[in-house]
Amino acid sequence: MAVTETAPGEAMAGHTAAEERSPTRAAHDGILRRQSARESAARTYARALPIVPVRARGLTIEGADGRRYLDCLSGAGTLTLGHNHPVVLEAIRKVLDSGAPLHVLDLATPVKDAFTTELFRTLPPGLADHARVQFCGPAGTDAVEAAFKLVRTATGRSGLLAFAGAYHGMTSGALEASGDALDVRVARLPYPQDYRCPFGVGGPIGAELAARWTESVLDDPKSGVPLPAGMILEPVQGEGGVLPAPDEWMRRMRQITADRSVPLIVDEVQTGVGRTGAFWAVDHSGITPDVMVLSKAIGGSLPLAVVVYRDDLDVWEPGAHAGTFRGNQLAMAAGTATMAYVRENALTERAATLGERMLIQLRALARDFPVIGDVRGRGLMIGVEFVEPEGWEAGRTDGNAGGDESARSTGSGGQGEFGDHGGADGAGASEGTDGTRGTVGPSRAGGLEAALMMTGAAPSPRPASPRLATAVQRECLRRGLIVELGGRHASVVRLLPPLTITDEQATAVLDRLADAVTAVARSHRPDGGPGGGRR
């Protein structure tokens, strides 16, 4: 959700003079001018994407000016089936035509019962049999607030643990647990990543160090962090830069919290309903959280948010968390249809297969362009991090000293089964025979010190480049491709296509992105000259 600004004209490069003077173009520009004059300065996506959608289907959006775009933003991951999928429209029409009430607060309805039944059918087995669901105000951030309130009530404790780089929403409590909080009242823990590992090593060693740090914070009576009410984490940090948590680290966090009676809250607002190649991202690691926060895709493109949790945590009083619009019948119908369609049509497997294929192709692109520092992701949640290549010392954003080290591949510094899902060199993380992403824990602990001595600190990655990422986003828009920016310095181009994207559409997306990267690399060389690839 990084904020960039694109002038309307910049998105229209290549249009003829006649098109610029057309009535549709005039209407398009007029709507944008009125939006700028009337809407809050806090608006975000509209700044980087000066388009006026009037029709949409699947991956495609048509603007008021007649231009068509491939939408890899998908409502920030909301549109699992793309725009206006027939099963979603049919579910909505069925409710509208039935005469059923659209607003019922938290009363029971057949629509709500069908939604809850489908939702519970998809939950991790260890949770589904002992679950309760709380319907919240129709935004993920309210569900996060409800989860915090729940665990504080159940444990009688007040503190929380969260992770560096996290994003959990825009309300007060959710912001306190997010990575860019200004008034820090939630203890922060290191989140494992390879490319910019906080310990400088990456791979299984970096993840082991992160896990040990967590244990130390919880067990050290002088850490300054009392036993918390809960820990909240994202299985893939989306806004944090598309950082997939290693499966074994997820299992380690589950064990650490269970051993200390700390409820584990997993934020699946963006990762849920097949996005990462499993129905829920926790399914990759096989853990059962105590609390799951769900929104976006579960509403089938309409506003809906819920908290699902273990029944023994259900100790709050009636009305302890309420909201006028927590009974959105149209969203429940659309969500039921969406979840059932994903489950019945094996779209999770499709996301895993196609996502891996796209990662391979993007890593091949990264080998040709030093402006790409890392490629990572899981399923159809993909990030491409842009960096200042060698010789570009201006505009540093990460404070690294020196400038003659090439971008570190995510395969180095102890990279292995437990690492993220590969890097710009295409090495990728290897998998064990059981499909896990490696081993962390007592079995590895004895060799940790020796491994650290052998590997040493990994070379520092190149400085993040928000200016290049912004330039790529703009070039993508010129070519009819909508992408989002994220990451620590808004230097990561994010791809969140619908799970229904076809092979041909995926090829078109990658072709347009490659063209955009080529254009930016050629026009942003330090010497101002043409070129920029390593071909």
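Residues numbered from 1 in each chain as written. Predicted model: local features only at pLDDT ≥ 70, side-chain atom pairs only at ≥ 80, totals over all residues. Heavy atoms only, no water.

Describe the sheet that holds strand β10 (residues 264–267), listing the residues and the values that go with them.
In space, the 7 strands of this open sheet follow the order β4-β12-β11-β10-β7-β5-β6, with mixed pairing throughout. Both edges of this open sheet fall to β4 (131–135) and β6 (187–189), since each of them pairs with a single strand only. Recorded for the sheet is a direction-independent mean angle of 20° between the axes of neighbouring strands. (Pairing = 2+ DSSP bridges. Helix = DSSP H or I, 4+ residues; strand = E, 2+ residues; numbered from the N terminus. Axes fitted to C-alpha atoms, helices over the stretch in contact; angles between N-to-C directions.)

How would you summarise the environment of C476 if you had to cite specific residues and measurements?
Position of C476 among the secondary structure elements: in helix α17 (residues 466–478). The sequence separation of C476 and L70 amounts to 406 residues, and the corresponding C-alpha distance is 9.8 Å. The contacts of C476, once residues within four sequence positions are left out, are L481, V483, L513 and A516. (Contact = heavy atoms within 4.5 Å.)

Break down the pairing of strand β3 (residues 68–71) for me, with residues and values.
Within a regular strand, side chains alternate between the sheet's two faces. Here 3 bridges tie strand β2 (residues 60–63) to β3, and the two strands are oriented antiparallel to one another. Looking across to β3, one finds that I61 is bridged to Y69. Taken together, β2 and the strand that follows it, β3, pair antiparallel across an intervening segment of 4 residues, in which G66 is found at a positive phi of about 95°. One ladder, built from 2 bridges, connects β3 with strand β15 (residues 481–482); its direction is parallel.

So what's going on with helix α5 (residues 86–98)? Which residues, and what values?
For α5, spanning 13 residues, the distance from its first C-alpha to its last is 18 Å, which sits close to the expected 18 Å at 1.5 Å a residue. Those residues of α5 that sit buried are V88, A91, I92 and V95. In a view along the axis of α5, the buried residues occupy a sector of 95°, so they form one face of it. Of the residues in α5, the exposed ones pointing more than 90 degrees away from the buried face are K94, D97 and S98. Against the buried residues of α5 lie α6 (110–122) and α13 (329–344). (Expected span 1.5 Å × (residues − 1). Buried < 20%, exposed > 50% of the residue type's maximum accessible area, 1.4 Å probe, protein only. Arc of directions from axis to C-beta.)

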